[in-house]
Amino acid sequence: MRAPEPAFFELRNVRCAFGGLVAVDDLSFALEQNSIVALIGPNGAGKSTVFNLITGIYRATSGTVSFGGRSLAKLGTHQIAALGIARTFQNIRLFAFMSALDNVMTGRHARMQASLADSLLHTPRQRREERRVRERARELLRFVGLERSAGDDAHNLSYGSQRRLEIARALASSPTLLLLDEPAAGMNPREKDDLIALVERIRASGVTIVLVEHDMKLVMGLCERVTVLDQGRKIAEGTPAHVRADPRVIEAYLGASDP
Amino acid sequence: MKGRKPVRALRLGLLAAVLLVVPFADHNNAHVDFLANAGAFVLLALGLNIVVGFAGLLDLGYAAFFAIGSYSYAIFASQQFGLHVPFWIMLFVAAAIAALFGILLGAPTLRLRGDYLAIVTLGFGEIVPQTFLNLAQYTNGPNGIGSLDQPSLFGRPFGFSATPYYYVVLGLIALGIVAARNLQHSRLGRAWMAIREDELAARHMGINATTAKLSAFALGAAFSGVAGVAYAAKLDLVSPDQFGFNVSVLILSMLVLGGMGNVAGVIVGSLVLSFVNSFLLPQASNIAHTAGFTYLDFTNYRFMLYGVILVGMMLLRPAGLLPSAKRRAELEAALTDPALAAHEQTEYEGAHAR
Ligand SMILES: Nc1ncnc2c1ncn2[C@@H]1O[C@H](COP(=O)(O)OP(=O)(O)OP(=O)(O)O)[C@@H](O)[C@H]1O
Ligand SMILES: [Mg+2]
């Protein structure tokens, strides 16, 4: 008999408490490679905290987070990023005073080789790498529709463009797992349609995606599976249609002040 | 782009030619002497700019590394211990020693930001000269170490003219500029910038903030190690009083005046302040004396003047004489949109922001 393959990504019995406040409680879920799942729930349910647990910003009080069978417990955020997990932020966190191109090039950091000496001396291999990374960054800007803003400082871009730039920056590291925290927040309906198309293309390129999103239309349109959190606990899981009909989900949303 | 390259090369060549003939054209050794000293401070400013301008780590004790570089030369190239390591080798050795201390200082401060970092570096800046003062049996305490070895090139000692030092410092500055600019436009330079803008996001890019910051401290310190060797050899003496807090403030003022983060700006800033220090103030005092105001000595008001310059700059041209485009944008945003410029580096990402 063969040992079961480790899950592509797995959270097992994860709990995260801040003092008395339990933000995530006994949460388990697994992701299949190249799937796209949504993580939804009312405000304060613990969705962003789950992302922060995955990228090593927060540490689980108990339970394990593993990626490709490997525990992330002892790794720093930069090491986790280097393993191929990238994310965007609910409150956009671009490098505001760097150009869009530089933002994306910075996103490639983990995959670049240039050492301190290379950086200091601009060795031929450093130059080659810079050229390659710049080219790739331009491609990514094209991919998200920002090729004309390459030279603009990130803070000068429109809100929707900033969200797309964050996605391009995250993709620069060629991640296998992409965490999107409310990527449609603040977008108008047209931008949302573009975003759906964009996320689908990313998925088609083989990236596994977790989407935190309040916009149900977006969730229903994109995701084959949905996990619902309420007060840090998983209250439902399944297909969008199934979850939407679940009385506990309806109650969680109706009970919350801001559905 | 292509058409402008030759123009740039021409201008650079012209500048280099002028700088190279200065000692021949100007026979006043005092001027060359001034330029050699000012050049050492250009090196210091370039080094501090890596730490403060590029990586955004406020270092108020930078003169400590200047001291370490200078004392390295005094210890390894004088009668003090009978060691006579050649000047040219000491440039590398002192750079390495200073870099090591840069890492030692940096390591405990990594978790600190802004004000806290400034306070710890301030302490370090005080401790280092104090240590050289108190290790009197090795360093002669307040008297310092004198009669340092004269550098020599192809067997010819530098002698007491400032001219050879001028050329050495000029060469070092050229290397320093290339190094600083290379760093700025590289993987490491982008990492520094990213950390300066948003450390948490930077870490999500796979940037190891610890090593990036330590490399900034180490590289910045290496510059002042080199400057220390050149300065000590030229002065032929090191003593603890050369490296006080006022020196750290002076170098920082050079950055603020010229434009933090911008290599050209930093050079202009440091030259201007050196000029004010070594020419303007003494001259003003001389004039006052001949006019009968014998009690006036403007050199005593040096620090008041720095203060005035700093305050004036903040009010009139906060990004410096030659600001980097980035800094200017940051400052403009700070004036119009405090939220954007506050750089609140919350560890509290996304938590319930509404
Ligand atoms: N660092 C922290 N310290 C204290 N409490 C925290 C911290 N981070 C999150 N919390 C709390 O944990 C709970 C879950 O927050 P989280 O940001 O994960 O919610 P969310 O589901 O992302 O909500 P939203 O939809 O509003 O973004 C909230 O009550 C929040 O206040
Ligand atoms: Mg959230």
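Just so you know, these numbers come straight off a predicted model, no measurement behind them.

### Re the interface of chain A and chain B
In step 1: Of the residues lining the interface, 41 residues belong to chain A; the matching set on chain B comes to 40 residues.
In step 2: The junction of chain A with chain B conceals about 3,700 Å² of combined surface from both sides, 57% of it contributed by carbon and sulfur atoms.
In step 3: Contact with chain B buries surface across chain A, with Arg-93, Phe-97 and His-109 of chain A losing the most and accounting together for 22% of the total.
In step 4: Between chain A and chain B we count two salt bridges in total.
In step 5: Every element with two or more residues in the side of chain A that touches chain B is listed here: α1 (47-54), α2 (77-83), α3 (100-107), α4 (116-121) and α5 (124-143) of chain A.
In step 6: Each residue belonging to the side of chain A that touches chain B can be placed in one class, and the counts come to 15 nonpolar, 18 polar and eight charged.

### As for the sheet that holds strand β9 (residues 225-230) of chain A
Residues and elements named next belong to chain A.
In step 1: Reading across the sheet, the six strands line up as β6-β7-β8-β3-β9-β10 and stay open at both edges, with mixed pairing between neighbours. Strands at the two margins of the open sheet, each flanked by one partner only, are β6 (85-87) and β10 (233-238). The mean angle between the axes of side-by-side strands here comes to 20°, regardless of whether they run parallel or antiparallel.
In step 2: Note that β6 and strand β7 (residues 177-181) share three bridges and pair parallel. Bridge pairing in β7 places Ile-85 opposite Leu-177.
In step 3: Most of the contacts of helix α6 (residues 159-171) go to β7, to which it runs at about 160°, and overall it touches β6 and β7.
In step 4: Sitting on the sheet, helix α7 (residues 189-204) touches β3 (36-40), β7 and β8 (208-212), and the angle it makes with β8 is about 150°.

The rules we used
- Residues numbered from 1 in each chain as written.
- Chains lettered and ligands numbered in written order.
- Predicted model: local features only at pLDDT ≥ 70, side-chain atom pairs only at ≥ 80, totals over all residues.
- Heavy atoms only, no water.
- Contact = heavy atoms within 4.5 Å.
- Buried area = accessible area lost by both parts, 1.4 Å probe.
- Salt bridge = Lys/Arg side-chain N within 4 Å of Asp/Glu carboxyl O.
- Helix = DSSP H or I, 4+ residues; strand = E, 2+ residues; numbered from the N terminus.
- Nonpolar A, V, L, I, M, F, W, Y, C, P; charged D, E, K, R; others polar.
- Pairing = 2+ DSSP bridges.
- Axes fitted to C-alpha atoms, helices over the stretch in contact; angles between N-to-C directions.

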